[in-house]
Amino acid sequence: MAINDNVRIIPLTHEVIEQAAHPWPDRWEEQLGRLRWHLSTPYATALVAEIFGDVIGVGCGFVQGGVGRITVLGFLSEADAEVRVRLTDALIDALTAEGSTSIEVVAAPADVDRWQAFGFGTHETILRYTGGKFLQATRDEVIHHEVEHRLGILHLDRKAFGYDRSTLVMEHIYLCVVYMEGTRIRGFSLSLLGEGLIVADAPDVGLELQRWHFPIQEHILLPDGNGAHEHLTKQAYRHEVEGIRMVRGTVRPLQVELCFAWAWGAV
């Protein structure tokens, strides 16, 4: 009997969650937290590949507004190519069964061909900026969010991403700040969503919100083509390719010019 005949693709459970974080030994605590979130979130999916009780691969994602997102995919060295394909296929099938008409992933540059084999097409490049000198936030327009700001936040988020992500956004609303001009919300920042999300309707608004982001996190992810690039380069930030946004199925248009911090790194 081939060893792959003994591999099972099953839901992640609390009993094996620590094993499931082992593919990331240098970021074990961080990944364990991410796995716990997927396991406890009703609209998320978490699967493992296991053999004889040992986890050799884990894949996670979630669905919002008909769009699935793959957020975690990792394997131990014991997982061969067939196991990797089986777990990836199972995760795609699970997200589709949850109602997604498209699935997104940020693929590491070296993995683009592999994701294309699963039907994903390439779209925006996601860049990682590090090492520069941020300016202090100075504008009084930036305030901590209140309940009355939430409809404006959700409207701006939907404008940027093209679909409804209200449950995801509201779950991460703690510590959110907004840029208010009179009664109008022109931007917001969610430091707790992924690697940080900033949506703004103009570069000066987005750059001011970035100044609230950098004291919390030393790097920022941006889709290539965003208006913050020139400013960050002048402030001596170095940039490198984090990954490629790839989509399988219906493509929701991303408004790059509104996205001043991208929440998802490469899986």
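Keep in mind that this is a model prediction, so the values were computed, not measured.

Here the structure, examined in full by the defined rule, presents 8 aromatic pairs. With a centroid separation of 5.9 Å and an interplanar angle of 85 degrees, the aromatic rings of W37 and F62 are classed as edge-to-face. Of the two residues, W37 sits in helix α2 (residues 28-40) while F62 sits in strand β3 (residues 54-64), which places them 25 residues apart along the sequence. For the pair W37 and F62, a shared accessibility class is recorded, and that class is buried. On the basis of an interplanar angle of 25 degrees and a centroid distance of 4.8 Å, the ring pair of F214 and Y237 is categorised as stacked. Remark: Y237 occurs in the loop between α8 (229-234) and β12 (238-249) and F214 occurs in the loop between α7 (203-213) and β11 (220-223); sequence separation between them is 23 residues. Across the pair, exposure class does not vary: F214 and Y237 are buried alike. Three or more aromatic residues joined by ring pairs form one cluster here, namely W37, Y43, F62 and W264. The aromatic ring of F161 is capped on one face by R165, whose charged end is 3.8 Å from the ring centroid.

Turn by turn, an α-helix covers 3.6 residues, leaving residues three or four places apart pointing in a common direction. Helix length check: helix α5 (residues 150-161), at 12 residues, gives a terminal C-alpha distance of 16 Å against a target of 16 Å (1.5 Å per residue), a fit within 8%. Those residues of α5 that fall on the buried side of the exposure criterion are I153, L156, D157, A160 and F161. Burial along α5 is one-sided: seen end-on, the buried residues are contained in an arc of 115 degrees. In α5, the exposed positions that point more than 90 degrees away from the buried face belong to L151 and H155. Residues of α5 that are buried sit in contact with α6 (166-171), β8 (177-181), β9 (184-190), β10 (197-200) and β13 (259-261). Looking one or two residues beyond α5, the residue adopting positive phi is G162, at roughly 85 degrees.

Further remarks concern unusual backbone geometry. The backbone of F52 sits at a positive phi, close to 50 degrees, despite the residue not being glycine. The residue F52 is located in the loop between β2 (44-51) and β3 in this model. According to the relative accessible area criterion, F52 is exposed, its value standing at 64%. With phi around 70 degrees, A236 is a residue other than glycine that occupies positive phi space. Within the secondary structure, A236 is located in the loop between α8 and β12.

In this section: the pattern of salt bridges. For the structure on display, the rule yields 15 salt bridges. Across the pair E30 and R27 runs a salt bridge whose closest N-O atoms are separated by 3.7 Å. Since its relative accessible area comes to 46%, E30 is described here as partly exposed. Residue R27 is classed as partly exposed on the basis of its relative accessible area, which comes to 34%. A single network of salt bridges, built from pairs that share partners, joins R69, E104, E124 and R245.

Before going further, it helps to spend a moment on the sheet that holds β12. In space, the 8 strands of this open sheet follow the order β1-β2-β3-β4-β5-β12-β6-β11, with mixed pairing throughout. Every interior strand has two partners, whereas the edge strands, β1 (7-11) and β11, have only one. The average undirected angle you get between the axes of adjacent strands in this sheet is 25 degrees. Pairing between strand β6 (residues 121-130) and β12: 8 bridges, direction antiparallel. Bridge pairing in β12 links G121 to V247.

Basis of the calculations
Residues numbered from 1 in each chain as written. Predicted model: local features only at pLDDT ≥ 70, side-chain atom pairs only at ≥ 80, totals over all residues. Heavy atoms only, no water. Phe/Tyr/Trp six-rings, centres within 6.5 Å; stacked < 30°, edge-to-face > 60°. Helix = DSSP H or I, 4+ residues; strand = E, 2+ residues; numbered from the N terminus. Buried < 20%, exposed > 50% of the residue type's maximum accessible area, 1.4 Å probe, protein only. Lys NZ or Arg CZ within 6 Å of the ring centre and 35° of its normal. Expected span 1.5 Å × (residues − 1). Arc of directions from axis to C-beta. Contact = heavy atoms within 4.5 Å. Salt bridge = Lys/Arg side-chain N within 4 Å of Asp/Glu carboxyl O. Pairing = 2+ DSSP bridges. Axes fitted to C-alpha atoms, helices over the stretch in contact; angles between N-to-C directions.

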